[in-house]
Amino acid sequence: MRADHDHISLTDALAMTRTSTGRTLLELSRTDAGHRGLLIVFLRHLGCTFCRETLHDVAKKRPEIEAKKVRIVLVHMAPTNDDAKSLMEKHHLADLPRVSDPYKSLYKAFELERGRFAQLFGLKAFLRGVPAFFRGHGVGRLVGDGFQMPGVFLVQDGVVTSAFRHNSVADRPDYCAIAAT
């Protein structure tokens, strides 16, 4: 999304936001014979250990999510979708629709806040971050707002039917449960 769409409604954001496939989020959220909604996964900055863990988790749970007839879209803050492509390829998710939102207009429309110190660097983040790092999720270059909180939403026909807003960057949502609601 562009900077001039900084404070738009959720309905307008869904209608205006085009994914890497050229389809809007509103189009992808339509329930029809083959699909029953859209799971929108908002990532933190692309160098974040937890962002990389999220991609790993989504890749692992993807067959189960898609078996529920739910599409998946990844939202990131890199300047372009190509900037995020190599990380998506690493996790075998490059074929999923992506949204580049460097101005965080979509994050704001979904009411995802910037994190406070304890949410980003607190004990919970440390205790989960160290093992995640050593499980191979690592740390990369900061691409995006390092203070932005992530979230996961199920959208059906343009309406949010389930929402998970992280209280800590270390939260690990149950993507399948969100997709099942």
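What you see is a predicted model, and the numbers here were worked out from it, not measured in a lab.

S.K.: Please provide a residue-by-residue account of unusual backbone geometry, values included.
M.R.: What you tend to see is this: most non-glycine residues have negative phi, and most peptide bonds are trans. Unusually for a residue other than glycine, Lys-69 sits at a positive phi of about 65°. Its place among the elements puts Lys-69 in the loop between α3 (49-67) and β2 (71-76). For Lys-69, a relative accessible area of 47% gives the class partly exposed.

S.K.: Quick rundown of a nonpolar patch on the surface? Include the residues and the values.
M.R.: Residues Phe-117, Phe-121 and Phe-147 make up a contiguous nonpolar surface patch of roughly 360 Å² in combined accessible area. For Phe-147, the location among the structural elements is in the loop between α7 (123-137) and β4 (151-156).

S.K.: If you had to explain the pairing of strand β5 (residues 159-165) to someone new, which residues and values would you point to?
M.R.: Consecutive side chains of a regular strand alternate in pointing toward one face of the sheet and then the other. As judged from the six bridges shared by β4 and β5, these two strands associate in the antiparallel manner. By the bridge assignment, Phe-153 is partnered in β5 with Ala-163. Here β4 folds back onto β5, and the loop between the two strands holds two residues, one of which, Asp-157, carries a positive phi near 50°.

Cut-offs and rules
- Residues numbered from 1 in each chain as written.
- Predicted model: local features only at pLDDT ≥ 70, side-chain atom pairs only at ≥ 80, totals over all residues.
- Heavy atoms only, no water.
- Helix = DSSP H or I, 4+ residues; strand = E, 2+ residues; numbered from the N terminus.
- Buried < 20%, exposed > 50% of the residue type's maximum accessible area, 1.4 Å probe, protein only.
- Patch = residues over 30% accessible without salt bridge, like charges linked within 9 Å, V, L, I, M, F, W, Y side chains within 5 Å.
- Areas by Shrake-Rupley, 256 points an atom, 1.4 Å probe, with all protein chains shown as cover.
- Salt bridge = Lys/Arg side-chain N within 4 Å of Asp/Glu carboxyl O.
- Pairing = 2+ DSSP bridges.

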